[in-house]
Amino acid sequence: MMQALSLRMRHAWMEPLAILAIAVTVVLGILVLYPAGLLVLGSLGHALSGASGSGWIKLIHEPRLLSALGNTLALTLAYVGISMPIAIGISWLIARTDLPAGKWLEFGFWLSFFLPPLAVVQGWILMLDPSFGVINSAWQALFGRPGPFDIFSWWGIVFAHLVTTAVSAKVMLMTPAFRNLDGAIEEAAMVAGDRVLSMLRRIVVPVMAPTLLVTLVLSIVKSLESFEIELVLGTPKRIDVYSTQIYRLIRSDPPEFSAAAAMGVTMIAAMLLLAAVQRRMVAKRVYATLGGKPQGRLLPLGGARWPLFALVCTVLVILVALPIASLVASTFMTMYGYFQIAEPWTLAHWREVIGDAVFVDSLFNTLRLALGVALFAMTVGFLVAYLLTYVQGRWARALDTVSWIPVSMPGVLFSMAWLGMMLSLPWLQPLYGTTMALVLIIGLATLTMSAQLIRGALGQLSLELAEASTLSGATRLSTVARILLPLVLQSVLVTGVVGFISAGRNIGHIALLVTSDNRPLSIMQLEFLSEGRYEAASVVGVIVVALTAIVAIVARAFGLRAGPRA
């Protein structure tokens with residue numbers, strides 16, 4: 001009888017949620033699938049404003065297509081191939097060995113991930129510019145010949161990805177998985193006489209293969225959608241990738257919307273395939289490596305302990321300290337890299353930028369945008385995660401599919417699709433040029449991560465919690481607010497923080513939707529860089545870094561105190 005009552009309560013709990021799931025799926029479908037559909041039609045010469053003729057025919061005759069495609073694949077192979085072994089080694093050292101200050105080192109990689117990529121890249125530009133970079137200038141002073149480093153090159157782009165998120169993102173993803181590895185696996189290998197490197201190659205990596213493959217797929221997806229690094233560093237040498245080529249086709253005179261749409265459809269197909277592979281890996285859940293001794297004894301590094309600690313610290317210095325120090329120093333230099341002039345130091349750049357009314361408007365635009373995206377990520381992300389956790393059937397599967405589509409579209413492509421939607425629908429045209437349009441597109445771009453993160457936390461809660469609350473007479477809203485939300489509050493806060501920081505640093509998703517009325521600081525910094533005003537761009541970069549760092553630290557401190565108490 002109690003079992004039958006429980007089943008009836010469960011059905012009563014689910015039925016209204018199924019209706020809500022249908023409504024949310026339809027709304028998100030319009031916001032995500034309609035723009036994607038416009039891209040398909042636009043590639044055939046329809047729907048997108050200004051599109052004429054088949055984009056596929058134009059694409060065949062586009063001379064730069066093969067070059068952009070080759071650069072995209074080669075660059076992805078290069079920095080993914082380099083970053084994966086580095087990240088695997090660092091993650092294993094932090095999680096599985098007695099490396100000193102492991103928790104602090106892990107936090108350092110989190111900090112590196114949160115830094116705006118454009119600010120980090122600019123810091124390295126000011127060190128590796130072939131004309132005035134500090135490292136190249138020092139090389140010439142020491143050896144009497146020009147320095148060999150050029151960040152505006154193919155390998156410069158690879159290096160820029162390695163020092164932004166290529167390594168730090170993988171360490172963030174893999175360290176918790178290594179920490180949950182069954183310690184008996186390593187101990188058995190060591191007892192059998194395996195050396196550490198042999199154990200990693202023959203035992204640990206194969207056991208962790210599903211997790212590593214998921215990380216690899218995510219890394220490839222992110223590298224394929226990369227935009228601002230290639231735009232800034234590749235333009236001087238005309239090194240284009242798929243995303244920058246789409247951007248140039250749209251910005252050409254006249255705009256080649258149909259050809260850009262055809263390139264976009266091809267990219268969507270490739271990204272959806274990768275996303276499907278990732279979802280299949282996650283759905284199988286074969287990456288669970290928890291056993292009877294999930295942590296086990298930390299493996300002693302012996303005499304290599306402090307040298308390896310120094311090595312990991314050096315990596316963090318390269319990822320965080322050097323570029324940020326360079327960026328801050330450049331804001332106070334009359335001409336960065338020229339120490340020999342009469343007055344090398346000045347506050348003029350700070351006065352110029354802060355006193356500019358455009359900067360003040362961009363700062364408030366950034367705050368409104370970031371807060372809006374944070375709120376979107378927490379509320380919509382929780383709603384979607386809640387429905388995916390407690391609703392079964394085809395509409396739940398449809399909602400899951402729709403929630404994964406935004407991550408399958410490169411930022412500049414999503415921006416183009418939304419531009420086409422707003423131009424084609426009269427009732428959406430007033431949205432163009434507003435901060436709300438930017439909030440929606442970045443919010444949708446972060447929806448996959450937000451929903452999946454909160455869904456993972458909700459999935460650890462027993463359904464009986466909700467059923468017991470309902471049996472006691474509580475409403476569904478009261479159950480969510482008083483029981484479920486407090487239990488997953490830390491995950492919700494994390495999605496808000498990531499949404500805030502993503503909005504402050506995002507360029508690709510809003511590149512085609514920004515006007516003088518809604519320009520955020522990230523676009524202002526990009527415009528300064530395009531004009532060669534490196535010192536002014538550095539001031540904006542430092543402010544963006546400070547803003548995101550403060551929010552991350554405050555949210556982390558609050559998050560540690562949030563959630564349920566024992």
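Above: the structure in question.
Here the structure is a predicted model, which is why all the values come from computation and not from measurement.

Calculation criteria
- Residues numbered from 1 in each chain as written.
- Predicted model: local features only at pLDDT ≥ 70, side-chain atom pairs only at ≥ 80, totals over all residues.
- Heavy atoms only, no water.
- Phe/Tyr/Trp six-rings, centres within 6.5 Å; stacked < 30°, edge-to-face > 60°.
- Helix = DSSP H or I, 4+ residues; strand = E, 2+ residues; numbered from the N terminus.
- Buried < 20%, exposed > 50% of the residue type's maximum accessible area, 1.4 Å probe, protein only.
- Lys NZ or Arg CZ within 6 Å of the ring centre and 35° of its normal.
- Contact = heavy atoms within 4.5 Å.
- Patch = residues over 30% accessible without salt bridge, like charges linked within 9 Å, V, L, I, M, F, W, Y side chains within 5 Å.
- Areas by Shrake-Rupley, 256 points an atom, 1.4 Å probe, with all protein chains shown as cover.
- Salt bridge = Lys/Arg side-chain N within 4 Å of Asp/Glu carboxyl O.
- Expected span 1.5 Å × (residues − 1).

J.: Account for the packing of aromatic side chains, naming residues and giving values.
T.: In total, this model carries 12 aromatic pairs according to the counting rule given. Consider the rings of W139 and F149, whose centres lie 6.0 Å apart with planes at 85 degrees: the pair is edge-to-face. On the criterion of sequence distance, the pair formed by W139 in helix α6 (residues 134-143) and F149 in the loop between α6 and α7 (154-166) is long-range, its members being 10 residues apart. Residue classification places F149 among the partly exposed positions, given a relative accessible area of 37%. Measuring from centroid to centroid gives 5.4 Å for W306 and F309, while their planes differ by 85 degrees, and the two rings are edge-to-face. Separated by 3 residues within a single helix, W306 and F309 lie in helix α15 (residues 305-330), roughly one turn from each other. Through a chain of ring-to-ring contacts, the aromatic side chains of W110, F113 and F114 assemble into a single cluster. Looking at R505, its charged tip hangs above the ring of F113, at a distance of 5.5 Å from the centre.

J.: Pulling in residues and values, what's your account of the side chain of T72?
T.: You can see T72 is positioned in helix α3 (residues 65-96). Excluding residues within four positions of it along the chain, T72 makes contact with L224, V241 and Y242.

J.: Which residues make up a nonpolar patch on the surface, and what are the values?
T.: Taken together, I22, V26, I30, Y34 and W395 make up a surface patch of nonpolar side chains, about 410 Å² in accessible area. For the nonpolar patch, the leading source of residues is helix α1 (residues 2-43), giving 4 residues. Along the polypeptide, Y34 turns up in helix α1.

J.: Any chance you could break down helix α25 (residues 521-530) for me, citing the residues and the numbers?
T.: Across the 10 residues of α25, 8 count as buried, placing the element largely inside the fold. Every buried residue of α25 is listed here: L521, S522, I523, M524, Q525, L526, F528 and L529. Taken from the residues just after α25, G532 is the one with a positive phi, measuring 80 degrees.

J.: Could you give me a rundown of the environment of F309, with the residues and numbers involved?
T.: In this structure the C-alpha to C-alpha distance between F309 and L93, which are 216 residues apart in sequence, comes to 9.0 Å. Apart from the residues within four sequence positions on either side, F309 is in contact with L99, P100, A101 and L105.

J.: Give a description of the environment of L28 that names residues and reports values.
T.: Mapping L28 onto the fold places it in helix α1. Looking at L28, the relative accessible area reads 5%, which means it is buried. Residues L28 and V384, 356 residues apart in the sequence, show an inter-C-alpha distance of 10.0 Å. Not counting residues within four places of it along the chain, the set of residues in contact with L28 comprises L33, V384, L399, V402, L444 and L447.

J.: Describe in detail helix α5 (residues 117-128), supporting the description with residues and values.
T.: Under the 1.5 Å per step criterion, the end-to-end length of α5 is 16 Å for 12 residues, consistent within 8% with the ideal 16 Å. The element α5 is largely enclosed, with a buried count of 12 among its 12 residues. Within α5, the full set of buried residues consists of P117, L118, A119, V120, V121, Q122, G123, W124, I125, L126, M127 and L128.

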